[in-house]
Amino acid sequence: MRGVTAGAAGGRDDRHGRVARGHGSGRPTPGGAPPSQPAPGREPRPRPAPSMAGIIRALVLPVARTLPWLPLAAGGTVGLLLVGVPRLVSGETPDRIALLLLRGAGLAFGLGLAFLMDDPARHTTAGVPVRRAVRAGLRVALVAPVAVGWWTAALLLVPAEVRPPVGDMTLEAAATAVLALLAGAAAVRMRDEPEPGQAAAAALLLTGLAAPLLMPDRWTLFVQPHADRWDEVHRSWAWLLAGAALVWAACLLEPVRRRRFRAVFASRH
Amino acid sequence: MTDLPTPPTVSAAGLTLRYGSTAALDDVSLRLGAGVTGLLGPNGAGKTTLLRVLATAVPADRGAFTVLGHDPNTTAGRQNVRRALGYLPQTPGFHPDFTAFAFVDYVAILKEMTNRAARHREVRRVLDEVGLGDVRGKRIRRLSGGMRQRVALAAALVGGPGFLVLDEPTVGLDPEQRMRFRELIASAGEGRTVLLSTHQTEDVAMLCHRVIVMAGGVVRFEGTPAELTARADGRVWSSTERDPGARAGWRTGTGSFRNVGDPPEGATLVEPTLEDGYLLTLDASDAASASSSEVTA
């Protein structure tokens, strides 16, 4: 073991180690002199732990400003154009493509959502007490109403007579959205990438285009509403949604220890 | 190893972290007290990894450490460490559309400062402290590189952390900005523990009470800057031509050569600097690594 010591004179401190302040100045105690000490016989008053609700309230506006509104708007606009243009051009949406257009719209909005985990200040804020999961959850909570409104608009743009089952289509769109979030969160977790949006969007686009073509028929998630397997396939979508949400949530956790298998694997080299 | 003049505020034992087959940290132990401690080492020495581990940005594979008595190996302990921490990473990122004030305010909220009035006072104070009081309403995208670096320092300082981790804060700054940063870091080191990673031996010579030299994920030296300089006593000499026996040598502005290594008989010895001591320490660790490899082979 290589041991070292380093240091010099100085002083401390409140309960969590914040430097004590000179009385009235609002500045850290200067000069390496002992900072303000509690009067004899008096314990330093512990700093009350701030409530999470108060922190979240204070974070709403700044976090809303950090959201990737441009990619979200772009994805949303492309999605609405996809479902709206046929109706605007010909006055109707053909039955056979309504499902495809809605799936395309969901994928387009998902591409925007893939940027939601982008945080250029991630490294600068790596050592703050408010956890990454809280910040990511807040980002999702702020975008959720927009996403719900957007999806409602997309559904309404498809005429009711050719509209696929709304609940099942919403399930597909929700799973796509969570997969988009998962792609971003996984890149952050595995590569410590502050802005994984582009790579996550590319991965989602590739998956969204390749999966219907490459998946074997018995596993396919993309069937027509009149197909016998429609209900069965949407149970798979539900599992996919739940699984992706769980993995996404796991990716947001900040482990206090590295995973054992990684350390063991590394030590074998 | 020399004793600390005060009780340690940061203690680490056996920190080890590997990336694949590479040991970024290999059984590193250290203790830090209040004041500025410099962390020197070549690229790839493990400085940034050590700082990231101490800043709780990445957990170590093995080993333990405490910051101001808090153990980050538990979730609650890590929260307490983070409450005591200010961290300026090697490449600080920003939300470029934020103003300097809004960004530091955002970080202050992330440091659990929820009282708006008190928080704004604190943000103004740290921005004034780093000399950005006049441009606090300016968007970060319009600030120079040096100013952005000061915004990052203000973000690290906000809330008065007891342990400040600074990863190469003077890289890319011009001499005037670097001087300004030295003043800020010296001021920040008064009454708190500051760990400063740098390639600049002048920064260490001017700022630090203590210095740690790392190479290959291992601590090669710890002590005072004077002790590091003393390692080169009698091992620096000048000559009119480059001495082929020197470990390192270069022509100085006066035209003579400054050589570092084992001087020949009758050499004209000159006063060593911290950098000479640092170079010889690295050279010794390279030699030790080479002989260790030969033994292994």
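Residues numbered from 1 in each chain as written. Chains lettered and ligands numbered in written order. Predicted model: local features only at pLDDT ≥ 70, side-chain atom pairs only at ≥ 80, totals over all residues.

Under an unreviewed UniProt entry, the name given to chain B is ABC transporter ATP-binding protein, and the source organism is Streptomyces ureilyticus. UniProt annotates chain B under Sequence similarities (unreviewed entry) with the comment "Belongs to the ABC transporter superfamily." (UniProt positions renumbered as here; feature names shortened; annotations may be inferred.)

Novice: Describe the overall build of chain B, listing the residues and the values that go with them.
Specialist: Counting secondary structure elements, chain B contains 9 helices and 13 strands. Over its C-alpha trace chain B gives a radius of gyration of 21 Å, about what one expects of a compact globule, namely 19 Å for 297 residues. Its C-alpha atoms give chain B principal-axis dimensions of about 70 × 45 × 35 Å. (Helix = DSSP H or I, 4+ residues; strand = E, 2+ residues; numbered from the N terminus. Rg over C-alpha atoms; globule rule 2.2 N^0.38 Å.)

Novice: Which residues make up the overall build of chain A, and what are the values?
Specialist: On a plain count of helices and strands, chain A comes out with 8 helices and 0 strands. Across chain A, helices and strands are ordered from the amino to the carboxyl terminus as α-α-α-α-α-α-α-α. Here chain A holds 269 residues, and 38% of them are scored as buried. Across chain A, contacts joining residues at least 24 apart in sequence account for 71% of those joining residues at least 6 apart. (Buried ≥ 20, exposed ≤ 12 C-beta atoms within 10 Å, placed from the backbone. Contact = placed C-beta atoms within 7 Å.)

Novice: Kindly report on the sheet that holds strand E13 (residues 268–269) of chain B, identifying the contributing residues and their values.
Specialist: All names here are of chain B. In spatial order, the strands read E11-E12-E10-E13; together these 4 strands make up an open sheet with antiparallel pairing. Every other strand in the sheet has two partners, leaving strand E11 (248–251) and E13 as the edge strands with one partner each. Bridging between strand E10 (residues 236–239) and E13 involves 2 bridges; their strand directions are antiparallel. Looking across to E13, one finds that tryptophan 237 is bridged to leucine 269. (Pairing = 2+ DSSP bridges.)

Novice: Requested: an account of helix H2 (residues 69–90) of chain A, with residues and values cited.
Specialist: Residues spaced three or four apart along an α-helix face the same direction, because each turn holds 3.6 residues. Residue and element names in this part refer to chain A. Its 22 residues place the ends of H2 31 Å apart at the C-alpha level, agreeing with the 32 Å of an ideal helix rising 1.5 Å per residue. The sharpest bend along H2 comes to roughly 40°, located at glycine 84, with the proline proline 86 sitting one to four residues further on. Within the sequence span of H2, burial applies to Leu72, Gly75, Gly76, Gly79, Leu82 and Val83. Where the residues of H2 are buried, they touch helix H3 (95–113) and helix H4 (132–157). Directly beyond the C-terminal end of H2, a positive phi value near 85° is found at glycine 91. (Expected span 1.5 Å × (residues − 1). Bend = angle between axes of the 7 residues up to and from the residue.)

Novice: Before we move on, can you summarise the UniProt feature "domain: ABC transporter" (unreviewed entry) in chain B with the specific residues and values?
Specialist: Those residues carrying the UniProt feature "domain: ABC transporter" (unreviewed entry) are residues 10–241 of chain B in this numbering. With 35% helix and 28% strand, the stretch residues 10–241 of chain B has end C-alpha atoms that lie 47 Å from each other.

Novice: I'd like a description of the pairing of strand E2 (residues 22–32) of chain B, backed by residues and values.
Specialist: Residue and element names in this part refer to chain B. Across the 11 residues of E2, 8 count as buried, placing the element largely inside the fold. Examined bridge by bridge, strand E1 (residues 10–19) and E2 share 7 bridges and lie antiparallel to one another. Residue pairing in the sheet places serine 11 in a bridge with arginine 31 of E2. If you look at the hairpin formed by E1 and E2, you'll find 2 residues sitting between the two strands, and glycine 20 has a positive phi there, around 65°.

Novice: Please provide a residue-by-residue account of the packing of helix H1 (residues 52–66) of chain A against H4(A), values included.
Specialist: Residue and element names in this part refer to chain A. The interhelical angle for the contact between H1 and H4, taken along N-to-C directions, is 65°, at an axis separation of 10 Å. Of the possible angle classes, the one that applies to H1 and H4 is roughly perpendicular. Crossing of H1 over H4 shows right-handed handedness. From H1, Ile56, Leu59, Val63 and Ala64 reach across to H4, where they touch Arg135, Leu138, Arg139 and Leu142. Considering only residue class, the contact of H1 with H4 consists of 6 nonpolar, no polar and 2 charged. (Axes fitted to C-alpha atoms, helices over the stretch in contact; angles between N-to-C directions. Parallel < 35°, antiparallel > 145°, perpendicular 65-115°, else oblique. Left-handed = near helix turned anticlockwise from the far one by under 90°. Nonpolar A, V, L, I, M, F, W, Y, C, P; charged D, E, K, R; others polar.)

Novice: Would you mind going over the sheet that holds strand E8 (residues 210–215) of chain B in detail, with residue names and values included?
Specialist: Residue and element names in this part refer to chain B. Strands sit in the order E5-E6-E7-E3-E8-E9 across an open sheet of 6 strands; the sheet is mixed. Both edges of this open sheet fall to strand E5 (85–88) and strand E9 (218–223), since each of them pairs with a single strand only. Looking at each pair of strands side by side, their axes are set apart by 15° on average, direction ignored. Those strands touched by helix H5 (residues 145–157) are E5 and strand E6 (163–167), and its axis lies near 165° from that of E5.

Novice: Help me get a handle on the nonpolar core, residues and values and all.
Specialist: Phe103(B), Val104(B), Val151(B), Ala154(B) and Val165(B) are the most contacted members of the largest nonpolar core, which totals 94 residues. Considering each element in turn, this core owes the most residues, 9 residues, to helix H3 (residues 100–110) of chain B. Discounting residues that sit within four places of it in the chain, Val165(B) has contacts with Leu51(B), Leu54(B), Ala55(B), Leu85(B), Tyr87(B), Leu88(B) and Leu195(B). One finds Leu101(A), Trp151(A), Leu157(A) and Leu181(A) within the second-largest nonpolar core, a separate group that totals 45 residues. (Core = buried A, V, L, I, M, F, W, Y, C linked by C-beta atoms within 7 Å.)

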